[in-house]
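Listed below are the residues making up each chain.
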Amino acid sequence: MPAVDKLLLEEALQDSPQTRSLLSVFEEDAGTLTDYTNQLLQAMQRVYGAQNEMCLATHQLSKQLLAYEKQNFALGKGDEEVISTLHYFAKVVDELNVLHTELAKQLADTMILPIIRFREKDLTEVSTLKDLFGLASNEHDLSMAKYSRLPKKKENEKVKTDVVKEVAAARRKQHLSSLQYYCALNALQDRKRVAMMEPMIGFAHGQINFFKKGAEMFSQNMNSFLSSVADMVQSIQGELEAEAEKMRVSQQELLSVDESVYAPDFDVAAPQINRNLIQKAGYLNLRSKTGLVTTTWERLYFFTQGGNLMCQPRGAVAGGLIQDLDNCSVMAVDCEDRRYCFQITTPNGKSGIILQAESRKENEEWICAINNISRQIYLTDNPEAVAIKLNQTALQAVTPITSFGKKQESPCPSQNLRNVELENDKIVPKAAVPGPDADELIAPGTPIQFDIVLPATEFLDQNRGSRRINPFGETEDETFPEAEDSLLQQMFIVRFLGSMAVKTDNTTEVIYEAMRQVLAARAIHNIFRTTESHLMVTSQTLRLIDPQTQVTRANFELTSITQFAAHQENKRLVGFVVRTPESTGGEALSTYVFESNSEGEK
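- In the annotation of an unreviewed UniProt entry, the entry for the protein chain reads DCC-interacting protein 13-beta, and the organism field reads Neovison vison.

A short note on the overall build of the protein chain
Okay, so step 1: Broken down by element type, the protein chain carries 12 helices and 14 strands.
Okay, so step 2: By the burial criterion, 37% of the 602 residues in the protein chain qualify as buried.
Okay, so step 3: A separation of at least 24 residues holds for 65% of the contacts in the protein chain among residues at least 6 apart in sequence.
Okay, so step 4: Looking at the protein chain as shown, the accessible area adds up to about 36300 Å², and 54% of this sits on carbon and sulfur atoms.

As for the pairing of strand β6 (residues 338-345)
Okay, so step 1: Most of β6 sits out of view: six of its eight residues are buried.
Okay, so step 2: The turn linking strand β5 (residues 329-335) back onto β6 is made up of two residues, and E336 within it adopts a positive phi angle of 55 degrees.
Okay, so step 3: The pairing of β6 with strand β7 (residues 351-356) spans four bridges and is classified as antiparallel. Counted as the bridge partner of T345 is S351 from β7.
Okay, so step 4: Following β6, the chain reverses through five residues before pairing antiparallel with β7; G349 in that reversal takes a positive phi of roughly 90 degrees.

With respect to the environment of F211
Okay, so step 1: Looking at the secondary structure, you find F211 in helix α3 (residues 157-218).
Okay, so step 2: Taking relative accessible area as the criterion, F211 reaches 53% and is therefore assigned exposed.
Okay, so step 3: Distance in space between the C-alpha atoms of F211 and L103 is 9.9 Å, their sequence separation being 108 residues.

About the criteria used
Residue positions are counted from 1 within each chain, in the order its sequence is given. Totals for whole chains, interfaces and linings use every residue, but because this is a predicted model, local features are given only for residues with pLDDT of at least 70 and side-chain atom pairs only at 80 or more, for both listing and counting. Remark: hydrogens and water are excluded; side-chain values derive from all non-hydrogen atoms of the structure. Strands here are runs of E lasting at least two residues and helices are runs of H or I lasting at least four, both read from the DSSP assignment and numbered beginning at the N terminus. The buried label goes to any residue with under 20% of its type's maximum accessible area, the exposed label to any with over 50%, and the partly exposed label to all in between, with areas taken from a 1.4 Å probe on protein chains only. Here, two residues are considered to be in contact whenever any of their heavy atoms come within 4.5 Å of each other. Using the Shrake-Rupley algorithm and a 1.4 Å probe, accessible areas are obtained, with residue cover drawn only from the displayed protein chains. Pairing between two strands requires that DSSP report at least two bridges joining them.

Structure below.
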């Protein structure tokens, strides 16, 4: 059978099997074309959707580029250059957005619309005519079957005439529908070629116009701008690489240190302690009560600021005030079987906070720093020099028991030692200049007692609920008659620093010399622990009372106190000389040194 490319309209009326077979080929081709057209339309709609998304994306990108200027960056290095560059890019993106919008509209008109028109008009028309042709063919077959069943009798002429008319009408209807159907199928072969190429012509023209306008818009100014931006980025990249190399070297140097720096207490045997600190910062454990007998410890960051101790939890923006350090006292304490604990006491004697350091070095440096701050050294013009001077004065003015004599017997003191002695003379009260030598006041090598230890029998007697019976027939009321009727009675909060035997009580210089030796000995031997007591001053005695147990640690008759003085530089240092009889018949002189929360002159 020769190849054909269209249906013959002349054979539509005959409707032969050959024509029907050829018609099925055209119908199969039309069905394949319909499926392909639907798939092609989906692909084109995806392109159009992507173009619309590009319009929205470029618009959003432009807004985000402009929003960089409104961001509150904590670190704004080089932001001026970045802001100006992003502003220019935002302008470029806005212009590109206009072009993308025009391209999207052009794709809708020249690519999407033609293929939709082809599908809705031509393919839908072929499908409709196919349905009509099938209905007409069924009607023709029914009428022909009815016509074939007509009888031969003449009395049925009227019925025969009606059936013939029905067959003629059905055949004419089938002929008309087949002609329309064949024409549509023949025309579809040419229309499909146009329908496939017309959308792509529109797509190509749209893209060409887009790139052409973009080249005309940006080719003049964008080249120089992009070149300058590329140079800037390359420069920044070079700086970044140099900084990265520098950080890498620094990291290697920091990691090459000895492993002992990671240990919290690696130098516990002989730590290098800086006693001249006027400010300190670091992590400490803070003790807090959570109940009557339960406590918790919280690791927080502490730092000093002027005369205040501040605390800043991790993640907090700023620190808060924990304790006012002016005129306060600090001492090492034993707390809950923990090491390196110290307690800060307020000027009125109330127990303040208890903190724990992570090492012996940190513990002692915190104690030294708080002691220096409590003296208000930070208010001077050169607090570091004042702190160094005070500590050097304490260390060089007096030597411990084992080397005190060697210091005094040195035939050729150095110039530095003479300078220190001159500085020490400045803090001695003016009334004492000139004064006796130290050897005339206190014997070299005199031992120093740093605590008042109450005998066990005395402690039990004073804690006993019933009245103590004196073997000499005296009672407690007779021992301290001022408890009931005293002309003067006032309580002071003090901390016992030390006591030592002296040679004379004729001058207050002996008290100042004892103060210097006690403080120097504490500094040299790292003795920071002090015992807080209540000093009861009455018209007859001075009583040192334990604030916890109310036990009298020591009792001094006013008649036995021969000298009393307060240090003229450190107003909180007080001392007095006590004359006590000895078993040999003579009298012994001892000086007691205290630190008071209030001024010693009171």
